[in-house]
Amino acid sequence: MLGPGDRDDDIALLAARFDGIAPSDVAYWFLDPDPAAPGRARRLARAALARWGLEELTDSVELLVSEVVTNAVRYASRPVTLRLLRTDVLRVEVGDDVPQLPRLRQARATDEGGRGLYLVNRVARRWDATRLSNGKVVWFELPMP
């Protein structure tokens with residue numbers, strides 16, 4: 001019941017069921033926020049891709065995982081999460097405890113950093129960041145081969 005008034009708006013109710021993603025299509029790790037984390041993240045992602053028969057994505061995933069994890073561990077004070085999801089795309093998520101969302105910016109030729117998200121933006125099919133109550137998740141997607 002809508003309540004009082006003379007309304008002639010159409011109303012629709014949509015019900016959907018989501019069965020979720022099979023556990024075999026998810027890889028999830030916690031990484032200590034230290035300088036060794038990007039290298040460990042690359043190795044873990046490479047192993048997951050090999051398990052799934054997605055070796056041709058290895059170079060792109062290693063590059064982007066390295067950039068996003070490096071950003072996360074630079075500011076995080078708690079463990080960083082790395083999650084790979086295999087669906088109709090490969091989705092990679094990196095979570096940390098810092099609420100500030102990353103910004104895409106153009107680095108100058110003399111800048112030491114600032115190119116990570118530019119690379120993600122150029123290589124990934126889509127990417128974004130989502131603020132959470134305890135930090136954020138930066139994610140990107142690559143098309144399946």
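Below, the structure is looked at part by part. Keep in mind it's a predicted model, so treat the numbers as computed, not measured. (Residues numbered from 1 in each chain as written. Predicted model: local features only at pLDDT ≥ 70, side-chain atom pairs only at ≥ 80, totals over all residues. Heavy atoms only, no water.)

1. Quick word on the nonpolar core
- The biggest cluster of nonpolar side chains holds 34 residues, and the ones touching the most others in it are V65, L82, L84 and F140.
- Contributions of two or more residues to this core are made by strand 1 (26-31), helix 1 (37-51), helix 2 (58-75), strand 2 (80-86), strand 3 (89-96), helix 3 (116-123), strand 4 (126-132) and strand 5 (135-143).
- Here this core takes seven residues from helix 2, the largest share from any one element.
- Leave out the neighbours within four places in its chain, and F140 touches L64, V65, V68, L90, R91, V92, V120, A124, R126 and W127. (Core = buried A, V, L, I, M, F, W, Y, C linked by side-chain atoms within 4.5 Å. Buried < 20%, exposed > 50% of the residue type's maximum accessible area, 1.4 Å probe, protein only. Helix = DSSP H or I, 4+ residues; strand = E, 2+ residues; numbered from the N terminus. Contact = heavy atoms within 4.5 Å.)

2. Things to note about the pattern of salt bridges
- Counting across every chain of the model gives eight salt bridges.
- Residues E93 and R83 are paired through a salt bridge, measuring 2.6 Å at the closest nitrogen-oxygen approach. Residue E93 is found in strand 3, and its partner R83 is found in strand 2; the two are separated by 10 residues along the sequence.
- Given the relative accessible area of 29%, R83 is considered partly exposed.
- Where R91 meets E141, a salt bridge forms, and the shortest distance between an N and an O atom there is 3.2 Å. (Salt bridge = Lys/Arg side-chain N within 4 Å of Asp/Glu carboxyl O.)

3. A word on the packing of helix 2 against helix 3
- The interhelical angle for the contact between helix 2 and helix 3, taken along N-to-C directions, is 145 degrees, at an axis separation of 9 Å. Like other packed secondary-structure pairs, helix 2 and helix 3 cross with a definite hand, here left-handed. For the pair helix 2 and helix 3, contact is made by S60, L63, L64, E67 and V68 and by G116, L119, V120 and V123, respectively.
- Partitioned by chemical class, the residues of the contact of helix 2 with helix 3 number six nonpolar, two polar and one charged. (Axes fitted to C-alpha atoms, helices over the stretch in contact; angles between N-to-C directions. Left-handed = near helix turned anticlockwise from the far one by under 90°. Nonpolar A, V, L, I, M, F, W, Y, C, P; charged D, E, K, R; others polar.)

4. Observations concerning the packing of aromatic side chains
- Inspection of the entire model under this criterion finds one aromatic pair.
- With a centroid separation of 5.4 Å and an interplanar angle of 90 degrees, the aromatic rings of Y28 and F30 are classed as edge-to-face.
- Residue Y28 is classed as partly exposed on the basis of its relative accessible area of 43%.
- Of the residues examined, F30 reaches a relative accessible area of 53% and is grouped as exposed. (Phe/Tyr/Trp six-rings, centres within 6.5 Å; stacked < 30°, edge-to-face > 60°.)

5. Side note on the sheet that holds strand 4
- Spatially, the five strands line up as an open sheet ordered 1-2-3-5-4, and their pairing is antiparallel. A strand with exactly one partner marks an edge of an open sheet, and here the two such strands are strand 1 and strand 4. Geometrically, the sheet is characterised by an average inter-axis angle of 15 degrees between neighbouring strands, direction not taken into account.
- Relative to strand 2, strand 1 runs antiparallel, the two being bridged by six bridges. (Pairing = 2+ DSSP bridges.)

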